[in-house]
Amino acid sequence: MANKNKEILGQPIWGNNPVVVQILGICSALAVTAQLKPAIVMGLSVTVIVALSNVVISLLRKTIPNRIRIIVQLVVVAALVTIVSEILKAFAYDVSVQLSVYIGLIITNCILMGRLEAFAMQNGPKESLLDGIGNGLGYAAILIAVAFVRELLGSGTLFGFQVIPQWCYDHGYMNNGMMLMSPMALILVGCIIWIHRAQFKDLQEK
Amino acid sequence: MAAKEFKCTVCGYVHKGDKAPDVCPLCQAPASKFEPVKKELNTNGNVYTVVYAAVMVIIVAFLLVFVSDSLKERQQVNVIQDTYKQILYSLNIREIGDVSATYNSTIEGDYLLNSNGSLKKNDGEFCTSYKTEFKNGRLHVFKAVVNGETKYVIPVNGLGLWGDIWGYVALNEDCKTVYGTYFSHASETPGLGGELAQQYVQERFIGKKVHDGSDITLTVVKFGQAKNDESKVDGMTGATITSNGVNSMLRTVLEAYKPFILSNSNK
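Residues numbered from 1 in each chain as written. Chains lettered and ligands numbered in written order. Predicted model: local features only at pLDDT ≥ 70, side-chain atom pairs only at ≥ 80, totals over all residues. Heavy atoms only, no water.

A. Up close: the sheet that holds strand 9 (residues 178-185) of chain B. Residues and elements named next belong to chain B. If you trace the 6 strands from one edge of the open sheet to the other, you get 5-4-6-7-8-9, paired in antiparallel fashion. The outermost strands of the open sheet, each flanked by one partner alone, are strand 5 (119-121) and strand 9. For this sheet, the mean angle separating the axes of adjacent strands, direction not counted, is 30°. (Pairing = 2+ DSSP bridges. Helix = DSSP H or I, 4+ residues; strand = E, 2+ residues; numbered from the N terminus. Axes fitted to C-alpha atoms, helices over the stretch in contact; angles between N-to-C directions.)

The following block contains the structure:
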């Protein structure tokens, strides 16, 4: 049992990553990865929301009418996101200002609906919690990896601090403005998928 | 209420009744082979679905109202503190310990502009939405004293690429040049238009000429085109629409404040 739980938690982080294997949550991965800080904040918020909504839906799963299950899931997610956003506004105002747009994006993040529909509707609350945390962290990991490259090459900074020394700029180095455009995030996600498929050959398409 | 159901574990025959039959009519299995069928909640009925949806919505609505109502006061305090902070940022006071104390010691007063350009004290409460105030023709000016010099802070509002942009422009006492600015945005592209909220962009405005004696001249131009022009400011690379938004925001708002700005310059 302990092994199974470990698998539920660990699998989504790399082996069955929601972004690179299930191809969920791509749109928000493009939007928030120009810089590291919003990427981390977004990753953590999604982790919290997926875990919580997974637990709620898992507890309700036997009572939810089949025909309106998507609506029920949506209402639960939207309510949770709104509550978290209100709490942040009251107790961590700076974070909520940081999150401004992304908090709305969380509701539309397909990882949430994907996990609720695929996992929480069939499994108990404990497993669902682990699954939510695992998928959230897997999503966060990809976001952070992409944001790291984009911020470093696009702005020469990490977390807003200059890391590429002035010396390089004096000798003709230039920030790659292309990196800040969302298509580059897609290409970077593609590179990550490439590395991933090289490791997991059975996922390669013939 | 339907009677209990028992299912034969050998052939699957379902018997309705209070207890299991002695012998299964199909396969002759004894009563011990029968198991009671657990009634599953019928979650597909129309009534159930409608009631479920209604109850869920009511619960969620009450929950949200409760959360929003109980946190309102704290949130309001945060918004006011944040507005204080933004006003102070525009005065180049960026390291703030106690926001309220710094604000009270720096800002001498919140004034409203009369149509002839003179100021009258704002008797109302401290306002946090200068967009509506501007629309309603209530033009606020904050009078601040920094290092013994008088500065005027004007709240500005406009539209960027994706949504609202706003900020505060601090002018020197004679209203001829910019003392400092602070801008923020609701949803500009991070790394491009979003750089508007960065200090290095805001500092480009410092010392720029606001007007030429009759017209507002402060302009935001494409990055690299400002050169050393005394009233042009470099915009942000790759964010033309946001930069244009800042430009028209400054133009629109400062135009409305023109009587005040010009009369101060002519003193």
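And the narrative resumes.
B. Spatial organisation of the sheet that holds strand 1 (residues 5-8) of chain B. Residues and elements named next belong to chain B. Ordered by their spatial adjacency, 3 strands build an open sheet running 2-1-3, and the pairing between neighbours is antiparallel. Edge positions in the sheet fall to strand 2 (14-16) and strand 3 (34-36), since each has one partner strand and no second. Averaged over neighbouring strand pairs, the angle between their axes works out to 30° when direction is ignored. Inspection of the sheet shows strand 1 paired to strand 2 by 3 bridges, in the antiparallel sense. Looking at the pairing, Lys 7 lines up with Val 14 of strand 2.

C. The packing of helix 3 (residues 36-60) of chain A against helix 7 (residues 125-155) of chain A, seen in detail. Residues and elements named next belong to chain A. In the contact formed by helix 3 and helix 7, the axes pass within 8 Å of each other and the chain directions differ by 165°. With respect to helix 7, the axis of helix 3 lies roughly antiparallel. Crossing of helix 3 over helix 7 shows right-handed handedness. Split into classes, the residues belonging to the contact of helix 3 with helix 7 amount to 19 nonpolar, 7 polar and 2 charged. (Parallel < 35°, antiparallel > 145°, perpendicular 65-115°, else oblique. Left-handed = near helix turned anticlockwise from the far one by under 90°. Nonpolar A, V, L, I, M, F, W, Y, C, P; charged D, E, K, R; others polar.)

D. The interface of chain B and chain A, seen in detail. Taken together, the contact between chain B and chain A spans 27 residues of the former and 28 residues of the latter. Carbon and sulfur atoms supply 64% of the area buried between chain B and chain A, which totals about 2,400 Å² over both sides. Of all residues in chain B, B:Tyr52, B:Gln75 and B:Pro190 bury the most surface against chain A, accounting for 22% of the area lost on that side. Counting every contact that joins chain B to chain A gives 0 salt bridges. Across the contact surface, chain B and chain A share 8 residue pairs in polar contact (both at pLDDT 80 or more). For the side of chain B that touches chain A, the per-class residue count stands at 13 nonpolar, 10 polar and 4 charged. (Contact = heavy atoms within 4.5 Å. Buried area = accessible area lost by both parts, 1.4 Å probe. Salt bridge = Lys/Arg side-chain N within 4 Å of Asp/Glu carboxyl O. Polar contact = N/O pair within 3.5 Å; in protein donor to acceptor, adjacent residues only side chain to side chain.)

E. Looking closely at the pairing of strand 7 (residues 149-159) of chain B. Residues and elements named next belong to chain B. Counted residue by residue, strand 7 has 8 buried out of 11 residues, so it is predominantly covered. With 5 bridges connecting them, strand 6 (residues 140-146) and strand 7 associate as antiparallel partners. In the sheet register, Ala 144 faces strand 7, and the bridge partner there is Lys 151. Where strand 6 folds back onto strand 7 in an antiparallel hairpin, the turn is made up of 2 residues, including Asn 147, whose phi is positive at roughly 50°. Between the end of strand 7 and the start of strand 8 (residues 164-172), which pair antiparallel, lie 4 residues. (Buried < 20%, exposed > 50% of the residue type's maximum accessible area, 1.4 Å probe, protein only.)

F. Main features of the nonpolar core. In terms of nonpolar packing, the biggest core is built from 48 residues, with A:Met42, A:Ile57, A:Val72, A:Ile106, A:Tyr139, A:Leu143 and A:Val146 touching the most fellow members. Elements that contribute at least two residues to this core include exactly helix 2 (26-31), helix 3, helix 4 (69-91), helix 5 (93-108), helix 6 (110-120), helix 7 and helix 9 (182-199) of chain A together with helix 1 (46-90) of chain B. Broken down by element, this core gets its largest block of residues, 8 residues, from helix 3 of chain A. Those residues in contact with A:Ile57 that sit more than four places away from it in its chain are A:Ile64, A:Val72, A:Gln73, A:Val76, A:Leu116, A:Ala120 and A:Met121. Judged by nonpolar contacts, the second largest core, of 33 residues, contains B:Cys175, B:Val178, B:Ile216 and B:Leu250. (Core = buried A, V, L, I, M, F, W, Y, C linked by side-chain atoms within 4.5 Å.)

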